[in-house]
Amino acid sequence: MKSVTINPRDFISAPFLVCPNCSKNEFGVLLISGTSYTRRCRDCWHTRRFSLPTIRKAVIYIDQFAISNMLKVRDETTKGHEKATENPFWTELWDTLARLRRCQLICCPDSEEHENESLLAPFFAKLKSTYERLSGGVTFKNFEHIRLDQAFQLIQAWAKGKEPVYDFDAERITYGRIHEWKDRIFVSVGSMKQDMVDAIRQTREGAHEDLKKIFERWRNEKKTFEETYEAETRGYLEGIVKTYRTVLMNRIAMIAGRQPYDVNSMLHCEGELLESAVKEVVSQEHGAEKTKELSERFFKEGVPKDLPFNKISGALYAVLATKAAAGQKDPPNKGTFSDISFISTLLPYCDAMFIDNKSRALINDLPKTHALGFGCKIFSLSNKEEFLAFLASLMNSATPEHLAIVQSLYGT
Ligand SMILES: [Zn+2]
């Protein structure tokens, strides 16, 4: 059996300084962790911990199609390499993002959308390592969790009779901290849900078929933006309540032995979690005797209609409906449903998003009355130069003190 010798000296890396104990030029970086870092001498083992200043990084969402193109230009064994290299933008984007990340100025968290899309590609492991190179392992929690986090804030305000003030700090909804100094070494953890490929594909196909039918209906109905917006924003609660009812019926049928056991029916669903949250908050605020009445009122009045993700999603679908009403024949493509899903969920938490041209066009076509009103800048291939200029401005905004620390820690 071959043995591998690990030399603890190898964990100490450049840049090296003069050791305060033995005066040799061997005082390297051992570990960087969040708000401090440790140096150790490779010769005398003298060790010291230093604190680091707090930092704020720009949170940037990079759509999977861009991740895919950046992988293709960097890996000539990947199908589509030749075509991707025709556009020098992808190499420039990768280099710029990698540099900003090394300089601790940006974080590009990955998401369930990256994972699902990657699983559908033949080279998903390479895609995973590409988006993780940019995210450093910081991952957005799943979208249901994020929707329910907004709902929980809404319920708390509603129970107090107040207007909700949402907290859109991205760290609230990520695994892994964003605004901290990252170690140079990142070890990817977690396997991908390969057994989910068929289910993901089926869900996507189903959603696309539904959207095509709805688009056809919009073409005939010719409703206004406002009419569709109203229907779409009400649709969220109706949808999760309907699913919840189906799940309950399945559980009853299973317990009564009328249906075979299905583990999926035993898992919680979004409507169920929402109902539990409403009951818990209302009972804390108003006591047990008022819980039933107030909880019913919450659902009856359709309070979740105004959740931030739901308003964005409703407005984007309403833009699609106006295009249908104006005579657009081609239905939205396969990616539209999941694009609207990740954009409406994550946009308020991001400083910038790089998405596809079609999605950006939807946002640009929003009527002024429904402008999104978040600080997130939206970019796509049509304004890629503006995106590079935005990234350059982030680089230029770094203070000399910050860059000096970067130099001393990472040597770049
Ligand atoms: Zn020393």
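Attention in this report is confined to the structure presented alongside it. (Residues numbered from 1 in each chain as written. Predicted model: local features only at pLDDT ≥ 70, side-chain atom pairs only at ≥ 80, totals over all residues. Heavy atoms only, no water.)

For the rest of this paragraph, the subject is the overall build of the protein chain. Within the protein chain, the regular secondary structure consists of 16 helices and 10 strands. Across its three principal axes, the protein chain shows a C-alpha extent of roughly 75 × 55 × 50 Å. Total accessible area computed for the protein chain in this model is approximately 21900 Å², and 52% of it derives from carbon and sulfur atoms. Charge separation in the protein chain, taken as the distance between the mean sites of 57 positive and 55 negative side-chain charges, equals 3 Å. (Helix = DSSP H or I, 4+ residues; strand = E, 2+ residues; numbered from the N terminus. Areas by Shrake-Rupley, 256 points an atom, 1.4 Å probe, with all protein chains shown as cover. Lys, Arg positive; Asp, Glu negative; His and termini not counted. Charge placed at Lys NZ, Arg CZ, Asp CG, Glu CD.)

Moving on, we come to the side chain of Ser 295. Relative to the helices and strands, Ser 295 is located in helix α11 (residues 288-300). Here the side chain of Ser 295 touches Thr 291 through a polar contact of 2.7 Å, landing on its backbone oxygen. For Ser 295, the residues in contact, after removing those within four places along its chain, are Val 278, Lys 279 and Val 282. (Polar contact = N/O pair within 3.5 Å; in protein donor to acceptor, adjacent residues only side chain to side chain. Contact = heavy atoms within 4.5 Å.)

Among the nonpolar cores identified, the biggest contains 44 residues, and Ile 60, Ile 62, Met 70, Leu 93, Leu 97, Phe 387 and Leu 391 are the most heavily contacted of them. Elements that contribute at least two residues to this core include exactly β2 (27-33), β5 (58-62), α1 (64-74), α3 (89-102), α5 (124-135), β9 (352-354), α15 (384-396) and α16 (400-410). Looking at this core, the element that brings in the most residues is α3, giving 7 residues. Setting aside residues up to four positions removed in sequence, Phe 387 forms contacts with Ile 60, Ile 62, Phe 89, Leu 93, Phe 354 and Phe 379. By size, the runner-up hydrophobic cluster in this structure holds 38 residues, among which are Tyr 61, Cys 107, Phe 140 and Ala 321. (Core = buried A, V, L, I, M, F, W, Y, C linked by side-chain atoms within 4.5 Å. Buried < 20%, exposed > 50% of the residue type's maximum accessible area, 1.4 Å probe, protein only.)

This brings us to the coordination of the zinc ion. The protein atoms that coordinate the zinc ion are Cys 19 (SG), Cys 22 (SG), Cys 41 (SG) and Cys 44 (SG), at distances spanning 2.2 to 2.3 Å. Each of the 4 donor atoms around the zinc ion contributes to a set of angles spanning 106 to 117°, which defines the coordination as tetrahedral. Positions of the donor residues of the zinc ion along the chain correspond to the pattern C-x2-C-x18-C-x2-C. Taken together, the residues span a long stretch of sequence, with Cys 22 in the loop between β1 (13-17) and β2 and Cys 41 in strand β3 (residues 36-41) at a distance of 19 residues. (Donors = N, O, S within 2.8 Å, 3.2 Å for Na, K, Ca; no water. Tetrahedral: all angles 85-135°; square planar, octahedral: opposite > 155°, others 65-115°.)

Let us now look at the sheet that holds β3. Adjacent strands of a sheet form backbone hydrogen bonds with each other and so pair up, either parallel or antiparallel. One open sheet holds the 4 strands; their spatial order is β1-β2-β3-β4, and the pairing between them is antiparallel. Strands at the two margins of the open sheet, each flanked by one partner only, are β1 and β4 (47-51). For this sheet, the mean angle separating the axes of adjacent strands, direction not counted, is 35°. When β1 meets β2, the two strands line up antiparallel, connected through 2 bridges. Pairing of Leu 17 across the sheet is with Phe 27, part of β2. In the packing of α16 onto the sheet, contacts are made with β1, β2 and β3, and the angle to β1 comes to roughly 110°. (Pairing = 2+ DSSP bridges. Axes fitted to C-alpha atoms, helices over the stretch in contact; angles between N-to-C directions.)

Let us look at the pattern of salt bridges. Applying the stated rule across the entire model yields 25 salt bridges. As a salt-bridge pair, Arg 172 and Asp 149 come within 2.6 Å of each other at their nearest N and O atoms. On the criterion of sequence distance, the pair formed by Arg 172 in the loop between α6 (143-159) and β8 (174-175) and Asp 149 in helix α6 is long-range, its members being 23 residues apart. The closest approach of N and O atoms between Glu 275 and Lys 279, which form a salt bridge, is 3.8 Å. Of the two residues, Glu 275 and Lys 279 are both situated in helix α10 (residues 270-286); the distance of 4 residues between them amounts to about one turn of the helix. Residue classification places Glu 275 among the partly exposed positions, given a relative accessible area of 25%. (Salt bridge = Lys/Arg side-chain N within 4 Å of Asp/Glu carboxyl O.)

Every α-helix winds through 3.6 residues per turn, so residues three or four apart in the chain are directed the same way. Given a rise of 1.5 Å per residue, 17 residues ought to cover 24 Å, and the 24 Å separating the end C-alpha atoms of α6 matches this to within 8%. α6 sits mainly inside the fold: 13 of its 17 residues count as buried. (Expected span 1.5 Å × (residues − 1).)

Moving on, we get to the packing of aromatic side chains. If you walk through the whole model with that rule in mind, you get 19 aromatic pairs. Through a chain of ring-to-ring contacts, three or more aromatic side chains come together here, namely Phe 65, Phe 89, Trp 90, Phe 354, Phe 379, Phe 387 and Phe 390. Here Lys 141 stacks its cationic end above the ring of Tyr 175, 5.4 Å away from the centre of that ring. (Phe/Tyr/Trp six-rings, centres within 6.5 Å; stacked < 30°, edge-to-face > 60°. Lys NZ or Arg CZ within 6 Å of the ring centre and 35° of its normal.)

Now for the packing of α6 against α11. Where α6 meets α11, the closest approach of the two axes is 12 Å, and the angle between their N-to-C directions is 120°. Of the possible angle classes, the one that applies to α6 and α11 is oblique. In this structure, α6 crosses over α11, and the sense of that crossing is right-handed. Counted together, Leu 154, Ile 155 and Trp 158 of α6 and Leu 294, Arg 297 and Phe 298 of α11 form the full contact between these two elements. When the residues that make up the contact of α6 with α11 are grouped by side-chain class, the tally is 5 nonpolar, no polar and 1 charged. (Parallel < 35°, antiparallel > 145°, perpendicular 65-115°, else oblique. Left-handed = near helix turned anticlockwise from the far one by under 90°. Nonpolar A, V, L, I, M, F, W, Y, C, P; charged D, E, K, R; others polar.)

This part is about unusual backbone geometry. Here the amide bond leading from Ala 14 into Pro 15 is cis, since omega sits at -5°, within 30 degrees of zero. The phi dihedral of Trp 45 is positive, around 70°, even though this residue is not glycine. Despite not being glycine, Lys 222 shows a phi value in the positive range, around 50°. Inspection of the secondary structure puts Lys 222 in the loop between α7 (197-221) and α8 (225-255).

To continue, consider α11. Taking 1.5 Å as the rise per residue, α11 with 13 residues should run 18 Å; its terminal C-alpha atoms sit 19 Å apart, in good agreement. Of the positions making up α11, those classed as buried are Thr 291, Leu 294, Ser 295 and Phe 298. Those residues of α11 that are buried are in contact with α6 and α10. Just past α11, the residue Gly 302 takes up positive phi, approximately 60°.

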